[in-house]
Each structure stands twice: as structure tokens, then as C-alpha cells.
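Geometric and topological summary
Here is what each chain is made of, one letter per residue.
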Amino acid sequence: MKRFQSLKLKIFLPLLGILLVVFLTSSLVVIDRESKSAKESLIETATSYSSLSITSVIQNFVFYNESGFYKFTEVIDNLMKLNDNLLTIQIVNVNGKILFDSEEIQTGKYDERTYGERYLENTTLIQRAGDPTYSLFLDDETRRVDIIQPYFEDWGRHDYSVRYIFSLESLDTMTNEMIVTILLNTGIFIIVSFLLIFFLFNYFISSPIGELTKGVRRMSKGTLGYEVTIKSKDEIGELATAFNTMSNDLKISRDNLEEYSKNLEKLVAARTKELEEKTRRLEQINQDLTIAREELRGLNINLEGRVQERTREVEKLLKQKDEFINQLGHDLKNPLGPLINLIPLLEDKEEDIAKKEMLTVLHRNADYMKNLVVKTLELAMLNSPNTRFSIEPLHLSQEIKQIINNKKILFDENHVKITSAIDASLWIKADRLRLEELLTNIFENSVKYCQEECRITINAQLTNEYVTISITDTGIGMTQEEIGRVFDEFYKADSARHDIQNTGLGMSICRRIVEKHGGAIWVESPGPGKGTTVFFTFPVADAS
């Protein structure tokens, strides 16, 4: 009984505790992960549903609401059946007035003359209805997802928005079912595992150890040559074999001790011969290692030659890539030149308003394509290892002052107040043209996303061997997600996706210019509506 308590319980009680902790922890992690994944999937499905269905909802509303209300309710009912989590669809105007509510499918058309006009519940929802951007609100208390999706006509007019309300109750049901299932399976698995381990421990460890203990006690009483019967192939079996061997060896050693003493010299001689043989083998191994080192040195020489050959091939391919990009840019820009020159002439002469608007769209898109080609070629050139900059010492405050003067029209037209507080003693090592291009891109972004009474402030400070320059605006600010992707090629923030002149390459070009100078660039923002600061560094130069 004491053996059982001291061995089995001391092993199985901690083991049971570990199993409980491990499986409960893993179960909670799985439940939490699957719940979050299902929640994200539901929200993503709701977002996709709202963006895909809004056109059908508004177009059918405009077409059927007055003359075929019941046909319109049938369309809405069919749409709502496509998503089991959808509770309500509301059509509102930009002032927050409710034009249609899916409850009218059951109650009938709302009589505005009798009951008065309907509006959204609060000023926040009314403001969201008038915003030209998509908005999503998650209410964990009511377990609902509230999405307001704006609708734009083909010419860009925003008269309607659609509010979708989705339920998250299916997530709670799924989570509860998952908890019950996982806990049940975990309990069964722990019980089966415990019983299986208990049986295996008793069969493979406890019983063989008892047999070995019995054999040790017999040997301690002088019964040399006693053998234990353990047939397992594991470490305990090896221990039993060693025990039996030891028992027999002790018996033989005791019987043949004198004979062993006489044969000691022969044994030493045999061991000496064995040692000499091992020494010869080591010498042979050393010779083999020497040969292997020589072969390895030859392989290294051959490998260096092949690396140099591959390097030349890569350089050749890079040169061909640059030539291809330049030729492609030339081929893309040439067809755009006549379009850009002729479309304004046709636009001025055209009297038909619809055709004039079409020509305006063509003109704007042609300018965008030209700008995109130029920016893409410029980024490709900056990415090329063959691009070289004309680095020279530049007086930072004078250069920035000159660039601000060059962009005076841009600032005046947009009523932007720009202030430079750079120490006149700061000099940097930079390419003058690339510096102007870098600052121009940043200034244009600041002006484009600035708010009323826009202000831009430029500062600089010396940090070790670099000058850190900061450009701060009072614009719309950025979220952490937008900051993380601002330097991605062709990335546009939500507020810039409808801007036809925005190529999404400006900040990518800025990053390559700064990196080519050996500096770093990053963006910081306290949040949406709180402005943005762009930081970048350039190597410091000697004022002399």
C-alpha cells in the first residue's frame, strides 16, 4: 500500500492535474479563436452583403416604391432571405429621413401623412447617413452590427443611404454549442487517457520494478546468479537484462577471481593491441579529413566562379529590365499625348452638356493615366540599382524656403498657411532635385487631405549623424492601419479612393528617395481628424 501511494499517486495526481490544465487551456483557446474567427467572418459577410446589395435595393426602390410597393417589398424580402442574420433594411436620405423600413413587409406601407415623417434614432446615425463613406458600428450589448452604406449615382451624386442591421445571436449559439462539445470531448479524452496511462504504467513500470526489487533483495542475502523474468524491450527490460548479467557476472567473478588474476596480463596485452588498432584507424580518418578539406577548397573556388557568373547574369537581366521599363513608359505616354491635347479642344467646342461631361471624364482619366505612367516609371527608376543621385551639401532652411516659394500657388489656392522653423545652421547631404520631389509629394498630400484653416509646420533637429525633418499638418489624420500601409505601392486610404488624381505611389516614391540617401521615413498621427506628421532623415553635412 505504501509503494502504491509513494509511486503511483505521486505520478498520476500531478499528471491528472497537468492534463486538466492543458486540455482546458487549449479548449478555451480554441473556443476563443473560433468565436473571434466566426465573428470576423460574419462581419465580413455582412459588409460584402451590404456593398453588393445596395445597388439592387436603391434601383428597385426608385423603380417600384411609388407604383409597385408590394413588388418592392417582395424584392426586399427575397434579399433578406439571402442572409439569415439580417434583421432590418432601412432606406434613408442624406438628412436621416427614413424612406422605407423592412418592417413594412409585414405591416404594410407607412402612411407619412397620418403618422408624420420618420428619422433615424439619434444625431450620430443621421450624421452617418449623410456621410459619403461606408460606416460600421458593432454593439456588443445588443449583439448587433449596424452598417450604413452610401449609394452614389453613376455621375457621383449621393441622395440615398441604406442601413443594414445584422444580429450576432447565431455566434452566441455556436459558441455555447462549441463549449459543450469541446468540454464533453475533453472530459472523455482525459478519462480515457488517464485510464490508459494508469494501465500502461502498471504493466510496463510498476510490475517490472517490483520484480527488480525482489531480485535485489535476493542478491543482498547472497543469492548470486538470481535472474528476474522481465521480457519488455524498453529501458526497464534493458535494466533487467543488465541486472541478470550483473548477477551472473558476480557469480562467475567470485568463482573465477583467481583465474582472472592470472589472465590479467593477457587482457592488458589484448587491450593494448586494440588501442593500437584504434590509433591506426584515427590516423586513417585524419588522412581522409585532409583529402576532404582539399576537395572542399576546390568546390569553394568553383562555387565562387559560379556566383560571379550568376551575378553578371543578374546584372544583365536588371539592365534589360530597365530598358524594358523605359521603352514601356515611352510606348504608354506617346498615345496619351494626342488625347490630352485634343480632348480639351473638343470639350471647349462641345455644347451638348452630356457629351461635355463625358469629355471631362475622359480628360480627367487621361491625365490620371499619364500621371500613373510617370509615377510608375519614376518608382521603377528609383528601385533600379543603377540609379545614382547627385549628392551635395545643401543648406536646409534655404532649400525648403525655395521649394515653398515654388509651391506658393498651391498653398494660396487652397488657403494653406505654411510655417518653417528650421535652424539656419543645419546642412544636409542630398540630391537637390530629389529633395524637392520628396517635399512636393508630402506637401501635395498635406494640402489634399487638409481641413479648414489648414496649417503646415516644418521642423528639423540634429540627431547624431542625421538631420530629422518633420512636416506636420492639421489634416484628417490617419488610423494605425492606414499608417501601417501608407508606404505600400498603389495603396489609397478610404478617403482617397474616389480621387481620380491619386495614384497611390507618392509615398512609395518618397520612401525610395529617402532610402537612396541612406535615411529613414515614417508617419505618425494621433488619430482621425487630428492631423498627420511625416518624419524623414538625411545625413548631416559640414557647413563649410
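Here is what the cut-offs are and how they apply
- Residues numbered from 1 in each chain as written.
- Predicted model: local features only at pLDDT ≥ 70, side-chain atom pairs only at ≥ 80, totals over all residues.
- Heavy atoms only, no water.
- Salt bridge = Lys/Arg side-chain N within 4 Å of Asp/Glu carboxyl O.
- Helix = DSSP H or I, 4+ residues; strand = E, 2+ residues; numbered from the N terminus.
- Buried < 20%, exposed > 50% of the residue type's maximum accessible area, 1.4 Å probe, protein only.
- Phe/Tyr/Trp six-rings, centres within 6.5 Å; stacked < 30°, edge-to-face > 60°.
- Lys NZ or Arg CZ within 6 Å of the ring centre and 35° of its normal.
- Pairing = 2+ DSSP bridges.
- Axes fitted to C-alpha atoms, helices over the stretch in contact; angles between N-to-C directions.
- Contact = heavy atoms within 4.5 Å.
- Arc of directions from axis to C-beta.
- Left-handed = near helix turned anticlockwise from the far one by under 90°.
- Nonpolar A, V, L, I, M, F, W, Y, C, P; charged D, E, K, R; others polar.
- pLDDT = per-residue confidence, 0-100.

**A look at the pattern of salt bridges**
Scanning the entire structure with this criterion turns up 18 salt bridges. One salt bridge connects Arg271 with Glu274, and the closest N-O pair in it is separated by 4.0 Å. Of this pair, Arg271 and Glu274 both sit in helix α8 (residues 264-349), separated by three residues, roughly a single helical turn. For Glu274, a relative accessible area of 39% corresponds to the partly exposed category. For Arg512, the salt bridge is made with Glu515, and the minimal N-O distance between the two is 2.5 Å. Placement of both Arg512 and Glu515 in helix α14 (residues 506-516) is noted, with a separation of three residues, approximately one turn of the helix. Given the relative accessible area of 39%, Glu515 is considered partly exposed.

**Some words on the packing of aromatic side chains**
Counted under the stated rule, the structure contains 13 aromatic pairs. Taken together through their ring pairs, the aromatic side chains of Phe61, Phe69, Tyr70, Phe72, Phe100 and Tyr160 make up a single cluster. Lying across the ring of Tyr110, Arg118 places its NZ or CZ 3.9 Å from the centre.

**Quick word on the sheet that holds strand β10 (residues 466-473)**
Strand order in the open sheet formed by five strands is β7-β9-β10-β12-β11, with mixed pairing between adjacent strands. Strands with a single pairing partner mark the edges of an open sheet, and in this sheet they are β7 (417-420) and β11 (521-524). Within this sheet the neighbouring strands show an average axis-to-axis angle of 20°, counted without direction. By the bridge criterion, four bridges tie β11 to strand β12 (residues 532-539) in an arrangement that is antiparallel. In the sheet register, Val523 faces β12, and the bridge partner there is Val534. Taken strand by strand, α14 contacts β11 and β12, and its axis lies near 135° from that of β11.

**Section: the sheet that holds strand β4 (residues 144-152)**
Read from one edge to the other, the open sheet built from five strands follows the order β2-β1-β5-β4-β3, with strand pairing classed as antiparallel. Only two strands of the sheet have a single neighbouring strand rather than two, namely β2 (98-101) and β3 (135-139). Here the average twist between neighbouring strands, direction ignored, is 20°. Pairing geometry for strand β1 (residues 86-93) and strand β5 (residues 158-167), over seven bridges, is antiparallel. Note on β5: the bridge partner recorded for Ile89 is Tyr164. The strands touched by helix α2 (residues 69-81) are β1 and β2; relative to β1, the strand with the most contacts, the crossing angle is about 135°. Each of β1, β3, β4 and β5 touches helix α5 (residues 123-130); the most contacted strand, β4, lies at about 35° to it.

**Overview of helix α10 (residues 396-406)**
Among the residues making up α10, those that are buried are Leu396, Ser397, Glu399, Ile400, Ile403 and Ile404. Projection of α10 onto a plane perpendicular to its axis shows the buried side chains occupying an angular sector of 165°, all on one side. Opposite the packed face of α10, turned more than 90 degrees from it, sit the exposed residues Gln398 and Lys401.

**What to know about α14**
The buried fraction of α14 amounts to eight of the eleven residues, a majority that puts the element mostly inside the structure. Three or more residues of α14 are buried, namely Gly506, Met507, Ser508, Ile509, Cys510, Arg512, Ile513 and Val514.

**A short note on the packing of helix α12 (residues 432-448) against α14**
Here α12 crosses α14 at 150°, and the two axes come no closer than 9 Å. Considering how the two elements wind past one another, α12 and α14 form a crossing that is left-handed. Within the contact between the two elements, α12 uses Arg434, Glu437, Leu438, Asn441, Ile442 and Asn445 and α14 uses Gly506, Met507, Ile509, Cys510, Ile513 and Val514. Classifying every residue of the contact of α12 with α14 by side-chain character gives seven nonpolar, three polar and two charged.

**Some thoughts on the environment of Ser525**
Here Ser525 is to be found in the loop between β11 and β12. A relative accessible area of 11% means that Ser525 is categorised as buried. Note: C-alpha distance between Ser525 and Gln480 (45 residues apart in sequence) is 8.0 Å. Discounting chain neighbours no more than four positions away, the residues touching Ser525 are Gly477, Met478, Gln480, Ile483, Gly531 and Thr532.

**Points about unusual backbone geometry**
If you check the backbone angles, His415 has positive phi at about 55° while not being a glycine. Taking relative accessible area as the criterion, His415 reaches 67% and is therefore assigned exposed. One non-glycine residue, Asn464, lies in positive phi territory at about 55°. Along the chain, Asn464 falls in the loop between β9 (455-463) and β10.

**A look at the confidence of the model for the chain**
The predicted coordinates ought not to be read in detail in places where the model reports low pLDDT. On average, the chain scores 78 in pLDDT, and the residues at 70 or more come to 73%. For the stretch residues 1-5, pLDDT sits under 50, and the model shows four contacts to residues farther than four places along the chain or on other chains. In this model residues 494-500 is a low-confidence stretch, pLDDT under 50, and it forms eleven contacts with partners more than four residues away in sequence or in other chains.

**Points about the pairing of β5**
On a regular strand, one side chain projects to one face of the sheet and the next to the other, so that they alternate. Judged by how many residues are buried, β5 sits mostly within the fold: eight of ten residues are covered. Note: β4 against β5, nine bridges, orientation antiparallel. For Ile147, the partnering residue across the bridge sits in β5 and is Tyr164. Hairpin connection, β4 to β5: the antiparallel pair is bridged by five residues, and Gly156 has positive phi, about 95°.

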